[in-house]
Amino acid sequence: LVRRRDLPGATAALERATELAPAAGRYAYVYAVALHSAGETDRAVAFLERYAERRPGDRSAAELLVQLRTPEAPR
């Protein structure tokens, strides 16, 4: 879907993947990146905050959360 430039479709599929496999950190990370890429940074941050409560040891997600919270983060 991403390769076909269907970002809304890709984002929806990634969201579903995070629901079906909540322990799969890679899905969470890529979903948050997709949200940010779609201009939904606030939604990405909110998602990562909820994810961090369930998976506090996921370093990649934690680093992305910090990056997206930084005022200089590209939006």
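This text goes with the structure placed above it.
Summarised in this report is the structure supplied together with it. (Residues numbered from 1 in each chain as written. Predicted model: local features only at pLDDT ≥ 70, side-chain atom pairs only at ≥ 80, totals over all residues. Heavy atoms only, no water.)

When helices and strands are tallied, the chain shows four helices and zero strands. Along the chain direction, N to C, the helices and strands of the chain fall in the order α-α-α-α. What you see for the chain is a C-alpha radius of gyration of 12 Å, in line with the 11 Å of a compact globule of 75 residues. Structurally, the chain occupies a C-alpha span of about 30 × 30 × 15 Å along its principal axes. (Helix = DSSP H or I, 4+ residues; strand = E, 2+ residues; numbered from the N terminus. Rg over C-alpha atoms; globule rule 2.2 N^0.38 Å.)

With a phi close to 65°, Arg 5 is a non-glycine residue in the positive phi region. With respect to the helices and strands, Arg 5 occurs in the segment before helix H1 (7-20).

Here we come to the nonpolar core. A general feature of soluble globular proteins is that nonpolar side chains tend to end up buried together. Core analysis: the largest hydrophobic core is formed by 15 residues, its most contacted members being Ala 32, Phe 47, Leu 48 and Leu 68. Elements supplying a minimum of two residues to this core: helix H2 (25-37), helix H3 (41-54) and helix H4 (59-69). When neighbours within four sequence positions are excluded, Ala 32 is seen to be in contact with Ala 44, Phe 47, Leu 48 and Leu 64. (Core = buried A, V, L, I, M, F, W, Y, C linked by side-chain atoms within 4.5 Å. Buried < 20%, exposed > 50% of the residue type's maximum accessible area, 1.4 Å probe, protein only. Contact = heavy atoms within 4.5 Å.)

Turning next to the environment of Leu 64. With respect to the helices and strands, the residue Leu 64 is situated in helix H4. Judged by relative accessible area, which is 7%, Leu 64 ranks as buried. Expressed as a C-alpha distance, the spacing of Leu 64 and Val 45, which sit 19 residues apart in the sequence, is 8.8 Å. When near neighbours in sequence (up to four residues on either side) are disregarded, Leu 64 contacts Tyr 29, Ala 32, Val 33 and Leu 48.

Next up on the list: the packing of aromatic side chains. The tally for this structure, following the rule as stated, stands at two aromatic pairs. Taking 4.8 Å as the distance between ring centres and 90° as the angle between the ring planes, the aromatic pair formed by Tyr 31 and Phe 47 counts as edge-to-face. One end of the pair, Tyr 31, is in helix H2; the other, Phe 47, is in helix H3, with 16 residues separating them in the sequence. Residues Tyr 31 and Phe 47 agree in their burial class; the two are buried. Taking the centre distance of 6.3 Å and the plane angle of 20° together, the rings of Phe 47 and Tyr 51 count as stacked. In this pair, Phe 47 and Tyr 51 both sit in helix H3, four residues apart, roughly one turn of the helix. Assessed through its relative accessible area of 8%, Phe 47 is described here as buried. When its relative accessible area of 1% is taken as the criterion, Tyr 51 is described as buried. Ring-pair connections join several aromatic residues into one group, and the members of that group are Tyr 31, Phe 47 and Tyr 51. (Phe/Tyr/Trp six-rings, centres within 6.5 Å; stacked < 30°, edge-to-face > 60°.)

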